[in-house]
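Residues per chain are reported as follows:
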Amino acid sequence: MTVAERVPLVEMRNINVAFGGVHAVQDASIDLFEGEVMGIVGGNGAGKTTLMRALSGAHKADSGDILIGGESRTISSPRDAKAFNIETIYQTLALADNIDAPANMFLGRELTTGWGTLDESTMEDQTRKVMGRINPNFTNFTTPVKSLSGGQRQAIAIARAIHFDARILIMDEPTAALGPAETAQVREQIRRLKDEGVGIFLISHDIHDVFEMSDRISVMYHGKIVDTVNKAEVTPDEVLGMIILGKKPEEVTQKELAQLELRA
Amino acid sequence: MTDASDALSAESQTGTSQLRGFRALEIDLRLFGMVVALAAILIGFGVATGGRFLTPVNMLNLTVQSISVAIIATGMTLIIVSRNIDLSVGSIVGVVGMAQVLLMTQTIPGIIGYDHPATWIIALLAGLVIGGLIGAFQGSIIAYVGVPSFIVTLGGLLAWRGVTFGITQGVTIAPVDPIFRLLGGGPRGSIGGTASWVVGIVVCLAVVVLLAYNRRQRRRFGFPLRPVWAEVLLGVVGSAFVLGLVYVANSYLWPEGLVRQWAQETGLPVPEGGIQSGIPWPVIVLLGVTLVMTFIATRRRFGRYVFAIGGNPEAAELGGINTRWTIMKTFIIIGILCGLSAAIASARIDGATLDLGAGYELYVIAACVIGGTSFAGGIGTIPGAVLGALVMSALSYGLSFIGLVGPIQDVVAGIVLVTAVGFDTVNRRRTG
């Protein structure tokens, strides 16, 4: 079965997002298949995060279509996105620092007892189980997450995304704040999810990270998608060229290439 | 505690094991500290007056004095935790109090007749509804239009006091319905000796049941448990404390003149040994409000959302929480509590004056802050706010008892407020 015949998990078509007069995302189209990691790269302000925020419901797109499993859907809030099994690990992690790990993991999706009260015990129990898989060293289930390390906080954000059966996972710079051991853990986690058939959008500044983890790579430049390429068919230098110049490799002139090499 | 600390010298080991014993209780150190501070204030005034201060009647009076503020403080905690403020509470108390008394003296008698037994409940419920509507109105502007709560409620502070004046042109209205008056406390507005013991025992049983339930829940999931001795100690000390308070309330006997008057009215003989006053009705109301509000804040989704919004509004939004509706609800709740507070305040003075509730906003906010609510948002407890109100009331009552009135009280209240928050800030910085 070729790629063209399969229905993508998610397809974003001609998405536009503007903040005031600034076109943060212009006419961007991107798709993602089951068990695939799509790297999204680009410089600061290229629109990577904004494009993904339109999918996670954090910010509604001004125009464009979102198809999930081939059907056109409207996503106007994080709740909508979650209903379509789209989970997001934000770069800021989006944790409430003053409450504990179970409370953060179930934030907005708290389990309740028959009496309508919070079922703290079950939530703690499930959190302990998920964290046991992701980070067995994690033992702090009753203190506010403010007191935890960057890696532990990251683990909570990841646990939150995978606990609710994500089919589409958006990871915004998941390893930016982590040490080498923790980065390796996150990569391992991505591989495991990929094997389970989860489709992953991986936003990253780190071109090596992206080359290591992705199947395809989408390059953004000033709000537009320059190109989406199979990782096997490009070199890191070519991708870097697209990030900096905003042009496909074949469109780049000798002069620009020379300038690029000078800068490097 | 690690093995390493066990291996320390004998001296410091006693220190650690005491600390460990204390930790095993898992009690809220901040609340415990406040209880200690309150006790220190009471004992301090007791010493300063050669013991004359520490009488049941003084304890009852200073408690009842704090109640109107304490009730609103339970709601203000949620408002401040979610990074808002409500400056309008005093003026809402004013307008609702005036409306309630007006209903009792003029409107309701005109419809169902004078001295109808339902008068008080109609007036009370109407007050809660009016308070809730005012809260909903202000809350909707804050949550949905996006005007900062400081501004909206500052407007409310001015406007509702003006409305209060407009209702009666500033005239005081009195009296309140006789049953309604029970809400104000005093010997007649108390539940009596026997009922007080019943309430005390029910509270003790509730404490024990709660401890047992929590333990069973934690064991079911195999979570770490408190040692048994700690559970037993908490149950025993908690029960002893509650029964001790009931004992104090019951030690206050009705004044002789009142007993004679009562005997005349009812035609009953003057009871031997006097009539025990027991727990005042407003204290029962506050107890109920504290329980319900603590339940809402800690056991319901709504409370969780309030805290999450205070900790990180963006995270709450991204978690799919309807943050606007949550904020609006906090203002509806405080409006309803203002209605209840207005009832108690007007019942206490047996009427409604133009300045009923004036200045409450500052005392309520101070009570929350003294009780450990952080203006940065996300931190605060409802029992803490109630204790904060009690601490302030104990101070002002004690100061007037030793003859320091007016301006000096305000100076002391100001110093205590800043000291309490300063202490808290340093403490938080140290413990992270």
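It should be emphasised that the depicted structure is a prediction, and the values quoted were computed from it without experimental measurement.

Participant: Sorry if this is basic, but what is going on with the overall build of chain B here?
Facilitator: Assigned secondary structure in chain B consists of 18 helices and zero strands. Once the C-alpha set of chain B is aligned to its principal axes, its extents read approximately 80 × 65 × 45 Å. For chain B, with 432 residues in total, the buried portion stands at 42%. Partitioning the contacts of chain B with sequence separation of at least 6, the portion at a separation of at least 24 is 79%.

Participant: Just to check I follow, could you spell out helix H11 (residues 256–266) of chain B for this structure?
Facilitator: Residues lying three or four places apart along an α-helix face the same way, a consequence of the helix completing one turn every 3.6 residues. Little of H11 of chain B sits out of view: just zero of its 11 residues are buried. Remark: Gly-267 of chain B follows H11 of chain B within two positions and exhibits a positive phi of approximately 75°.

Participant: Quick question: what am I supposed to make of the pairing of strand S8 (residues 199–203) of chain A here?
Facilitator: Consecutive side chains of a regular strand alternate in pointing toward one face of the sheet and then the other. Residue and element names in this part refer to chain A. Of all five residues that make up S8, five are buried, and the element is covered over most of its length. The alternating pattern of S8 places Gly-199, Phe-201 and Ile-203 on one face and Ile-200 and Leu-202 on the opposite face, and all of these are buried. Looking at chain direction, strand S3 (residues 37–42) and S8 are connected through four bridges and run parallel. By the bridge assignment for S8, Ile-40 is matched with Ile-203. Sheet analysis places strand S7 (residues 168–172) next to S8, joined by five bridges and oriented parallel.

Participant: Would you explain the confidence of the model for chain B in this entry?
Facilitator: Close reading of the predicted structure is inappropriate where its pLDDT is low. Residue and element names in this part refer to chain B. This prediction gives chain B a mean pLDDT of 90; 94% of its residues lie at or above 70. In this model residues 1–16 is a low-confidence stretch, pLDDT under 50, and it forms six contacts with partners more than four residues away in sequence or in other chains. Reported for the predicted complex are a pTM of 0.91 and an ipTM of 0.91.

Participant: What exactly am I supposed to notice about the environment of Glu-188 of chain A here?
Facilitator: Residues and elements named next belong to chain A. Its place among the elements puts Glu-188 in helix H6 (residues 180–195). Residue Glu-188 is classed as exposed on the basis of its 11 C-beta neighbours within 10 Å. Along the chain, Glu-188 and Met-213 lie 25 residues apart, while their C-alpha atoms are 9.7 Å from each other.

Participant: I keep staring at the domain arrangement of chain A and nothing clicks. Help me out?
Facilitator: Frequently, the measure chosen for interface size is the accessible area removed from exposure when the parts meet. Residue and element names in this part refer to chain A. For chain A, the domain assignment lists domain 1 (6–85 + 165–179 + 189–235) and domain 2 (97–164). Put simply, the middle of domain 1 and the middle of domain 2, counted by C-alpha atoms, are 26 Å apart. Counting residues at the interface gives nine residues for domain 1 and eight residues for domain 2. Among the residues forming the side of domain 1 that touches domain 2, the class breakdown is five nonpolar, two polar and two charged.

The rules we used
Numbering of residues starts from 1 in each chain and follows the order in which that chain's sequence is written. Going through the entries in the order they are written, you letter the chains from A and number the ligands from 1. With the structure being a predicted model, the display of local features is reserved for residues of pLDDT at least 70 and the display and counting of side-chain atom pairs for 80 or more, all residues being used for whole-chain, interface and lining totals. Helix and strand definitions here come from DSSP, where helices need a minimum of 4 consecutive H or I residues and strands a minimum of 2 consecutive E residues; each element is numbered from the N-terminal end. Exposure is read from a count of other C-beta atoms within 10 Å of each residue's own; the residue is exposed at 12 or fewer, buried at 20 or more and partly exposed in between. C-beta atoms are placed from the backbone. Here, residue contact means that the backbone-derived C-beta atoms of the two residues sit within 7 Å. When DSSP finds two or more bridges between two strands, those strands count as paired. What pLDDT expresses is the predictor's confidence in each residue, scored from 0 to 100. All the domain ranges listed were derived from an automatic or database domain assignment. Throughout, the ten residues Ala, Val, Leu, Ile, Met, Phe, Trp, Tyr, Cys and Pro are labelled nonpolar, Asp, Glu, Lys and Arg are labelled charged, and all others, Gly among them, are labelled polar.

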